[in-house]
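# Close look at the chain arrangement
Given next are the chains, with one letter for each unit.
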Amino acid sequence: MKSSIVAIAMIPILASPLCQAFPTKPITLVVPTAAGGGNDAMARAISAKLSVKLGYTVIVDNKSGANGAIASEFVAKSNPDGYTLIFGYIATHAMNPALQKLRYDPVKDFQPIGLVAYSPTLMVANPKLDIKDARDLVAKLKAKPNSMNYASAGNGTAPHFAAELFKLATGTEITGVPYKGSAPALTDTLAGTTQMMFPSMVSAFPHVKAGKLRAIGVAGPKRSDALPEVPTLNEQGIVGVDVTQWYGIFAPANTPKPIVVLLNKTLNEILTDKDIVAKIEGAGGDVETSSPDELGRLVAAEFIKWKRVVEAAKLTGE
């Protein structure tokens, strides 16, 4: 586990009356995806530890829809008092805003709290397809264009972007089927209704280990420690499909600094907990801590990166 916690003069800030009075009631952690997915699992594990550390229950509230835009707009417009947070990720704070105009700004409307984890994107297929690897898939797709469908968590999400980058890199045609979250998209890929998907490692790992999905490539710069036998797409001659997902916690903009510092400190402490590390890394994620400023810089850079991808690949939100 890597750590990038920045030293902060904690004592005078934490001694402030505002911080001493926080929290005095339950906190809501909004999850912008449906229950049952990788985001949800991580958020629930972290909320349980936050509840113990802060002395008040942290309630997980799933608000799926519009590729995370519904939840993000809700939190952006909530009172900036630290009692409403969002378990944001690459789609809510970079990809979806880069793809289409939304009623929130991923940079201006949020106060970053801290990073939680990174997760490589995994290319998976239904085992009934009898596909050995990504090269085998490309050969089949070129022989019969548009003969297969890919599932995504919705337009503007990492599974959507990864699939479109794959099509661009390989010159293949695959029909996209957007769902309201990774969980239902995975369900249909498991059933064979859709043939393939690019979920996060955290979402796909249990199904791959159970033999219900076949991992055919990692859409990232290196192999995953969780599935070391699965080569990257780059190793298979497919260059330019690098979609490493990240997850973090955000509050509404203008949340008081003492509260932000307390939440960041508490979150970073939780991410050293052996149970949390085991759950995240055991599912293929890579735990990562940060300062609020570091997360803010990541969001700004990722938004610019994916805006360029949208323009180059001529993607739309339709």
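An account of the accompanying structure is given in this report. Residue positions are counted from 1 within each chain, in the order its sequence is given. Local features in this predicted model are restricted to residues of pLDDT 70 or higher, and side-chain atom pairs are both shown and tallied only at a pLDDT of 80 or more, whereas totals for entire chains, interfaces and linings draw on every residue. The side-chain values count all of the structure's non-hydrogen atoms but skip hydrogen atoms and water molecules.

## Thoughts on the overall build of the protein
Check the secondary structure of the protein and you find 12 helices and 10 strands. The globule rule used here is 2.2 Å times the number of residues to the 0.38 power, and the radius of gyration it is set against is calculated over C-alpha atoms. Its C-alpha radius of gyration of 19 Å places the protein within 12% of the 20 Å reference for a compact globule of 318 residues. Overall, the protein is about 70 × 40 × 30 Å in size when its C-alpha atoms are taken along their principal axes. By the burial criterion, 56% of the 318 residues in the protein qualify as buried. Surface exposure here means Shrake-Rupley accessible area, sampled with a 1.4 Å probe, where a residue is shielded only by the protein chains that are shown. Looking at the protein as shown, the accessible area adds up to about 13,300 Å², and 54% of this sits on carbon and sulfur atoms. Taking the 32 positively charged and 27 negatively charged side chains of the protein as two groups, their mean positions are separated by 2 Å. Think of it this way: any DSSP run of H or I at least four residues long counts as a helix, any run of E at least two long counts as a strand, and we number them from the N terminus. Burial classes: relative accessible area under 20% of the type maximum marks a residue as buried, over 50% as exposed, and values in between as partly exposed (1.4 Å probe, protein chains only). Note that His is not counted, nor are the chain ends; the positive residues are Lys and Arg, and the negative ones are Asp and Glu. Note that the charge is assigned to NZ on lysines, CZ on arginines, CG on aspartates and CD on glutamates.

## Digging into helix α12 (residues 292-313)
A helix's residues, less one, multiplied by 1.5 Å, set its expected span. With 22 residues, α12 should cover 32 Å at 1.5 Å per step; its first-to-last C-alpha distance of 32 Å lies within 8% of that length. Within the span of α12, buried status applies to P292, L295, L298, V299, E302, W306, V309, V310 and A313. Down the axis of α12, the sector holding all buried residues measures 105°, keeping them to one side. Residues of α12 that are exposed and point over 90 degrees away from its buried face: D293, R297, R308, E311 and A312. Starting at the helix axis, one direction is taken to each C-beta atom, and the arc is that of these directions.

## Some points on the nonpolar core
For our purposes a nonpolar core is just a set of buried Ala, Val, Leu, Ile, Met, Phe, Trp, Tyr and Cys residues, chained together by side-chain atoms within 4.5 Å. Ranked by internal contacts, the top residues of the largest apolar core, which has 84 residues, are F87, V116, L137, F166, L233, I249 and W306. Within the second largest apolar cluster, 16 residues are counted, among which are Y179, A185, M201 and V208.

## Observations regarding the pattern of salt bridges
When their charged atoms lie close together, side chains carrying opposite charge are able to pair. Any carboxyl oxygen of Asp or Glu within 4 Å of a side-chain nitrogen of Lys or Arg constitutes a salt bridge here. If you walk through the whole model with that rule in mind, you get 12 salt bridges. Between K49 and D275 there is a salt bridge; the shortest N-O distance is 3.6 Å. Of this pair, K49 sits in helix α3 (residues 38-54) while D275 sits in helix α11 (residues 274-282), placing them 226 residues apart in sequence. Of the charged contacts, one joins R223 and E235 as a salt bridge, the two residues approaching to 2.9 Å between their closest N and O atoms. Placement of R223 in the loop between β8 (214-219) and β9 (244-252) and of E235 in the loop between β8 and β9 is noted, with a sequence separation of 12 residues between them.

## A few points about the pairing of strand β5 (residues 149-152)
Two strands qualify as a pair provided DSSP detects at least 2 bridges between them. Strand direction decides the pairing type here: β5 and strand β6 (residues 175-178), joined by four bridges, are parallel. Within the sheet, the bridge partner assigned to A151 lies in β6 and is V177. Viewed with both strands pointing away, a crossover whose connecting path from the first strand over the helix to the second turns clockwise is right-handed. Handedness of the crossover joining β5 and β6 through helix α7 (residues 158-170) is recorded here as right-handed. Note that β5 and strand β7 (residues 196-197) share two bridges and pair parallel.

## Some words on the environment of L115
Summarising the element assignment, L115 is placed in strand β4 (residues 110-125). Judged by relative accessible area, which is 5%, L115 ranks as buried. It is 17 Å that separates the C-alpha atoms of L115 and G82, two residues lying 33 residues apart in sequence. Those residues in contact with L115, other than ones at most four positions away along the chain, are W246, Y247, G248, L267, L271, E288, T289, S290, L295 and L298. Between two residues, a contact is recorded if the distance between any of their heavy atoms is within 4.5 Å.

## Here we look at the packing of aromatic side chains
The geometry of an aromatic ring pair is captured by the separation of the ring centres together with the interplanar angle, meaning the angle of the planes. Any two rings among Phe, Tyr and Trp, with Trp reduced to its six-membered ring, count as a pair given centres within 6.5 Å; such a pair is stacked if its planes are under 30 degrees apart, edge-to-face if over 60, and tilted if neither. For the structure shown, the criterion picks out seven aromatic pairs. Consider the rings of Y89 and Y247, whose centres lie 6.2 Å apart with planes at 10°: the pair is stacked. Of this pair, Y89 sits in strand β3 (residues 84-89) while Y247 sits in strand β9, placing them 158 residues apart in sequence. The buried category is assigned to Y89, whose relative accessible area is 6%. Ring plane angle 90° and centroid distance 5.9 Å describe the contact between Y104 and F110, whose orientation is recorded as edge-to-face. For the pair Y104 and F110, one class covers both residues: buried. Aromatic ring contacts, followed pair by pair, group F87, Y89 and Y247 into a single cluster.

## Structural notes on the packing of α7 against α12
Lines fitted to C-alpha atoms define the axes, with helix axes restricted to the stretch in contact, and inter-axis angles between N-to-C directions lie between 0 and 180 degrees. For the pair α7 and α12, interaxial distance at closest approach is 11 Å and the crossing angle is 45°. It follows that α7 is oblique to α12 by the angle criterion. Here α7 runs over α12; the crossing is left-handed. Across the interface between the two elements, F161, L165 and L168 from α7 touch W306, V309, V310 and A313 from α12. Taken together, the residues of the contact of α7 with α12 sort by class into seven nonpolar, no polar and no charged. The scheme is simple: roughly parallel for angles under 35 degrees, roughly antiparallel for over 145, roughly perpendicular for 65 to 115, oblique for anything else. In this scheme the crossing of two helices becomes right-handed for a clockwise turn of the near helix relative to the far one and left-handed for an anticlockwise turn of less than a right angle. Gly counts as polar in this scheme, as do all residues outside two lists: the nonpolar Ala, Val, Leu, Ile, Met, Phe, Trp, Tyr, Cys and Pro, and the charged Asp, Glu, Lys and Arg.

## Some points on unusual backbone geometry
Cis geometry marks the peptide bond from F22 to P23, where omega comes out at -5°. Counting through the fold element by element, P23 comes out in the loop between α2 (17-20) and β1 (27-31). A positive phi angle, near 55°, is found at D130, a position not held by glycine. In this structure, N146 takes a positive phi of about 60° despite not being glycine. Mapped onto the elements, N146 comes out in the loop between α6 (134-143) and β5. Residue classification places N146 among the partly exposed residues on the basis of a relative accessible area of 43%.

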